[in-house]
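If you want the building blocks of each chain, they are given just below.
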Amino acid sequence: MTKKTVKFEYEKETKNSVRYQELPEPGQAPVMGTIYVQKWFAGNSKILEVTIEKKD
C-alpha cells in the first residue's frame, strides 16, 4: 500500500462547490489536478489536504 498526501489551494467558488487547485511538490507533476468540494464541507478553508491510498 502506498499513501500520498496532496495539498490544494482555493481557486474559486461555483454555485454549490469550491474549486481547489493542487499545489504539486517542486519538480513533480500534479497527482489529481483540480478538485471540487461541496461548500457545506469546504466552508472558508483556503488550503485542503487529501490523502489517497493505493491498494495493490
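Details of the structure are given in the entry above.
Each chain has its residues counted from 1, following the order in which its sequence is written. Selection of residues for local features in this predicted model requires a pLDDT of at least 70, selection of side-chain atom pairs for listing and counting requires 80 or more, and totals for whole chains, interfaces and linings are taken over all residues. Only hydrogens and water are removed before side-chain values are computed, so all heavy atoms of the structure are retained for them.

Things to note about the overall build of the chain
By the criteria applied, helices consist of DSSP H or I runs no shorter than four residues and strands consist of E runs no shorter than two, each listed in order from the N terminus. Along the backbone of the chain there are one helix and four strands. Listed by position from the N terminus, the elements making up the chain come as β-β-β-α-β. Principal-axis analysis of the C-alpha atoms places the extent of the chain at approximately 35 × 25 × 15 Å. Partly exposed describes any residue whose relative accessible area lies between the buried limit of under 20% and the exposed limit of over 50%, with all areas from a 1.4 Å probe on protein chains only and scaled to the type maximum. For the chain, with 56 residues in total, the buried portion stands at 20%. Contacts between residues were defined by any pair of non-hydrogen atoms, one from each residue, lying within 4.5 Å. Looking at the chain alone, contacts between residues at least 24 apart form 45% of all its contacts between residues at least 6 apart. As presented, the chain carries roughly 4,400 Å² of accessible surface, and 50% of it is formed by carbon and sulfur atoms. Charge-centre separation for the chain: the mean point of 10 positive side chains lies 5 Å from the mean point of 8 negative side chains. Only the protein chains shown count as cover for residues, and all accessible areas are computed by the Shrake-Rupley method using a 1.4 Å probe. All tallies of charge rest on Lys and Arg as positive and Asp and Glu as negative; His and the ends of each chain are not included. Charge positions are represented by NZ for Lys, CZ for Arg, CG for Asp and CD for Glu.

Here we look at the pairing of strand β2 (residues 17–22)
Here, any two strands with at least 2 DSSP bridges between them count as paired. Taken together, the five bridges between strand β1 (residues 2–13) and β2 define a ladder with antiparallel strand orientation. Across the sheet, residue Lys12 finds its bridge partner in β2, namely Arg19. Between β1 and β2, which pair antiparallel in sequence order, lie three residues. Pairing analysis gives five bridges linking β2 to strand β3 (residues 34–38), with the strands arranged antiparallel. From the neighbouring strand, Gln21 faces β3, where its bridge partner is Thr34.

A short note on the packing of aromatic side chains
Side-chain rings of Phe, Tyr and Trp, where Trp is taken by its six-membered ring, are said to pair if the distance between their centres is within 6.5 Å; with planes under 30 degrees apart they count as stacked, over 60 as edge-to-face, and otherwise as tilted. Under the criterion given, the structure shown has two aromatic pairs. An angle of 85 degrees between the planes, with centres 6.3 Å apart, marks the rings of Tyr10 and Tyr20 as edge-to-face. Here Tyr10 is found in strand β1, whereas its partner Tyr20 is found in strand β2, with ten residues between them in sequence. With a relative accessible area of 28%, Tyr10 lands in the partly exposed category. On the numbers, 5.9 Å between centres and 80 degrees between planes, the contact of Trp40 with Phe41 is edge-to-face. The pair Trp40 / Phe41 is uniform in exposure class, with both members exposed. If you follow Lys46 out to its NZ or CZ, it ends over the ring of Tyr10, 4.1 Å from the centre. Two conditions define a charge sitting above a ring: the NZ of Lys or the CZ of Arg must be within 6 Å of the ring centre, and it must be within 35 degrees of the ring normal.

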